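Inside the fold
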Amino acid sequence: MSMEQFGYKQELKRTLSFWDLLIYGLIFLIPIAPMGVYGYISVASHGMVPLAYIIGIIGMIFTAFSYARMSEAFPIAGSVYAYAQHGINRSVGFIAGWGILLDYILIPALTYAVSAVSLNAFIPVLPVWFWLAFFIVFNTMINIRGVEFTAKANKIILVLQFAVFIIFVVAGLIALNKGVDLTIKPLYDSSLFNMQLVMGAVSIAVLSFLGFDAISTLAEEVKGGRKLIGRATVSALLVAGFLFIVQTWIASDLGRGLKLDNMDTAFYQIAELAGGSWLKNLTILATAFSWGIASALASQAAISRLLFSMGRDRNLPHGLAKIHPKFRTPYISTIVVAIISFVVGLAFENHIDILTNIVNFGALTGFLMLHVSVINHYMIRQKSKQFIKHLVFPTIGFIVIGYVLYGMDHLALKVGFTWLVMGIIYKFILVRVFKVKETSLDL
């Protein structure tokens, strides 16, 4: 399908391959992400952190399959917004886009804030606002230069993350060989395992994988077939999951019996035990810069494409769809994200937990509508006979995401539902008062 069949013209530059997409997804997910959240998952899972991540992969794989199905049917930018819009109708599409906008618009701010706070603790003489400004200006310049330039930066950053991952794994295995052996207990400890633990682990681990879906926002910059987005999405989830399991398995065995005083620094204490203070400092700095540059770079690119797509359809100010004359990137959207990230990052530097929950609400509501879009488009419209792919898998995905959403923090639920109501009111005013019409085609 060409862009014209959807009512658009090709404006963004098509340069990305499968490997570019896979790297982008891994950068967003952060291969060494467990280093920053290990302590919290360890407590909730009674030390069975790898098990929590395995359950998370199982829970999220169905959402990845739904992204694959819809990206094949509608290879356009906009992610859930575009899929619900064309897979169900424009109104549902707007609500889906508005919901996941809460996720995408705040993720850069969250990653910047986490990194800024961490580096401020590491180098107190430099304030939080300095690190926020540093990361935001750096990433904004790279993203405006173009997705091809961003892809090159991603490759360098990913290599550095893999280097830290390998160093920890090697140091950890050497330390285990000198003390206790690698055991099966991080995967299954019969004395601690119970169903409540499993369901609690689902809630935590599923949230650890949020971000792989952002690959779909680059659909109009891919050179290749319609299945490329789906393949990269599923692959990024599986590769990241494998990396998460390996490093947390080693950390869990190393940390067994170790008194972890601070959940924020639990992994770093284990790293120090494995290799000394140099390894502790290396993992701290790697985590901070992975969030502040790598993941933030990818998330800023993703939200700018969503704003571009919604602005192009006139569901948001049309200026957000403006393309840079030289680099062919949505530079206005990119700059807007930078400004929002700085303001939100400063406002929530002491309330990162609240910001995290609000981000999760936006992602999960978008995922729910994604699964409904698959069923509606394939089963109801096209009368598909592939019941496993187009009915069973999205239904399981809907149930898993619904469970996680149900168990979320009440404050996040209130903020999230308030955001959705605001979106409905905004859409009503846009259509009924200002008589604004969307530019995309209904299919």
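Residues numbered from 1 in each chain as written. Predicted model: local features only at pLDDT ≥ 70, side-chain atom pairs only at ≥ 80, totals over all residues. Heavy atoms only, no water.

Attention now goes to the overall build of the chain. Helices and strands together make up the secondary structure of the chain, namely 15 helices and zero strands. In summary, the chain has a C-alpha radius of gyration of 21 Å against a globular reference of 22 Å for 443 residues, a match within 12%. Projected onto its principal axes, the C-alpha positions of the chain cover 70 × 50 × 40 Å. Every one of the 443 residues in the chain was classed for burial, and the buried ones make up 58%. Here the contacts in the chain between residues at least 6 apart in sequence split such that 82% fall between residues at least 24 apart. Surface summary for the chain: the accessible area is close to 18,000 Å², and the carbon and sulfur share equals 69%. (Helix = DSSP H or I, 4+ residues; strand = E, 2+ residues; numbered from the N terminus. Rg over C-alpha atoms; globule rule 2.2 N^0.38 Å. Buried < 20%, exposed > 50% of the residue type's maximum accessible area, 1.4 Å probe, protein only. Contact = heavy atoms within 4.5 Å. Areas by Shrake-Rupley, 256 points an atom, 1.4 Å probe, with all protein chains shown as cover.)

What follows concerns the nonpolar core. Grouped together as the largest cluster of nonpolar side chains are 140 residues, with contacts concentrated most on Leu21, Tyr24 and Met60. Setting aside residues no more than four positions away along its own chain, leucine 21 makes contact with Leu16, Ile215, Leu218, Val222, Leu228, Ile229 and Ala232. (Core = buried A, V, L, I, M, F, W, Y, C linked by side-chain atoms within 4.5 Å.)

One pass over the structure, following the stated rule, counts six salt bridges. Here arginine 69 and glutamate 72 are joined by a salt bridge, their closest N and O atoms 3.3 Å apart. Of the two residues, arginine 69 and glutamate 72 are both situated in helix 3 (residues 49–73); the distance of three residues between them amounts to about one turn of the helix. You'll find arginine 69 and glutamate 72 in the same group, each marked buried. A salt bridge links aspartate 253 to arginine 256; the shortest N-O distance between them is 2.6 Å. Taking relative accessible area as the criterion, aspartate 253 reaches 2% and is therefore assigned buried. (Salt bridge = Lys/Arg side-chain N within 4 Å of Asp/Glu carboxyl O.)

Here we come to the environment of valine 392. Locating valine 392 in the fold gives a position in helix 14 (residues 387–406). In the structure, valine 392 is positioned 339 residues away from tyrosine 53 in sequence and 23 Å away in space, judged by C-alpha atoms.

The final tally for this structure, using the stated rule, is 25 aromatic pairs. Summarising the aromatic geometry, the rings of phenylalanine 62 and phenylalanine 393 are spaced 5.4 Å apart at their centres and angled 65 degrees between planes, so their arrangement reads as edge-to-face. Of this pair, phenylalanine 62 sits in helix 3 while phenylalanine 393 sits in helix 14, and the two are 331 residues apart along the sequence. Feature note: the residues Phe130, Trp131, Phe134, Phe135, Phe138 and Phe289 constitute an aromatic cluster, connected by ring pairs. (Phe/Tyr/Trp six-rings, centres within 6.5 Å; stacked < 30°, edge-to-face > 60°.)

Attention now moves to the side chain of serine 115. With respect to the element layout, serine 115 can be found in helix 5 (residues 90–122). Judged by its relative accessible area of 0%, serine 115 is buried. If near-sequence neighbours (up to four positions away) are discounted, serine 115 is found in contact with Phe135, Ala288, Trp291 and Gly292.

What follows deals with the environment of alanine 113. Relative to the helices and strands, alanine 113 resides in helix 5. Alanine 113 gets classed as buried once you look at its relative accessible area, which sits at 1%. Sequence-wise, alanine 113 and isoleucine 27 are 86 residues apart; in three dimensions their C-alpha atoms are separated by 17 Å. Discounting residues that sit within four places of it in the chain, alanine 113 has contacts with Leu132, Gly345 and Ile352.

Okay, the side chain of serine 290 next. With respect to the helices and strands, the residue serine 290 is situated in helix 11 (residues 277–312). In this structure the side chain of serine 290 is engaged in a polar contact, spanning 2.6 Å, whose partner is the backbone oxygen of alanine 286. (Polar contact = N/O pair within 3.5 Å; in protein donor to acceptor, adjacent residues only side chain to side chain.)

Below, the discussion takes up the layout of surface pockets. Taken as a whole, the largest pocket encloses approximately 1,500 Å³ of empty space. The wall of the largest pocket is formed by 42 residues, among which Gly36, Val37, Trp291, Ile352 and Thr356 lie closest to the centre. Those elements that place two or more of their residues in the lining of the largest pocket are helix 1 (18–29), helix 2 (34–44), helix 5, helix 8 (195–208), helix 11 and helix 13 (352–381). Top element by residues in the lining of the largest pocket is helix 5. It accounts for eight residues. For the lining of the largest pocket, the residue count by class is 24 nonpolar, 14 polar and four charged. (1 Å grid on protein atoms, 1.4 Å probe; cavity = no way out; pocket = protein on both sides within 12 Å on 5 of 7 lines; lining within 4 Å. Points joined across faces, edges and corners; volume = space filled by probe spheres on them. Nonpolar A, V, L, I, M, F, W, Y, C, P; charged D, E, K, R; others polar.)

Our focus in this paragraph is helix 2. Side chains that are three or four residues apart share a direction in an α-helix, a result of its 3.6 residues per turn. Where helix 2 is concerned, the buried positions are Pro34, Met35, Gly36, Tyr38, Gly39, Ile41 and Ser42. Note on helix 2: the residue one or two positions beyond its end, histidine 46, has a positive phi of about 55 degrees.

Overall, the prediction assigns the chain a mean pLDDT of 88, with 95% of residues at 70 or greater. Looking at the elements of the chain, mean pLDDT is at its lowest for helix 8, recorded as 68, and at its highest for helix 9 (residues 228–254), recorded as 95. (pLDDT = per-residue confidence, 0-100.)

Together, Val421, Ile425, Phe428, Ile429, Val433 and Phe434 make up a nonpolar patch on the protein surface, roughly 600 Å² of accessible area in all. Looking at the secondary structure, you find valine 433 in helix 15 (residues 410–433). On the accessibility criterion, valine 433 (53% relative accessible area) is exposed. (Patch = residues over 30% accessible without salt bridge, like charges linked within 9 Å, V, L, I, M, F, W, Y side chains within 5 Å.)

Here the focus is empty space enclosed by the protein. Inspection of the entire model under this criterion finds one cavity of 30 Å³ or more. As for the largest cavity, its lining consists of Leu16, Asp20, Tyr24, Val147, Thr150, Ala151, Asn154 and Leu218. When contributions to the lining of the largest cavity are tallied by element, the ones reaching two or more residues are helix 1 and helix 7 (147–178). Per element, the largest residue contribution to the lining of the largest cavity is four residues, and it comes from helix 7. Partitioned by chemical class, the residues of the lining of the largest cavity number five nonpolar, two polar and one charged.

Quick look at the packing of helix 13 against helix 15 now. With their axes 9 Å apart at the nearest point, helix 13 and helix 15 run at an angle of 50 degrees to one another. With respect to helix 15, the element helix 13 is oriented oblique. Seen from above, helix 13 lies across helix 15 with right-handed handedness. Contacts from Ile354, Asn357, Ile358 and Phe361 of helix 13 reach helix 15 at Leu411, Ala412, Leu413, Val415, Gly416, Phe417 and Leu420. Class assignment for the residues of the contact of helix 13 with helix 15 results in nine nonpolar, two polar and no charged. (Axes fitted to C-alpha atoms, helices over the stretch in contact; angles between N-to-C directions. Parallel < 35°, antiparallel > 145°, perpendicular 65-115°, else oblique. Left-handed = near helix turned anticlockwise from the far one by under 90°.)

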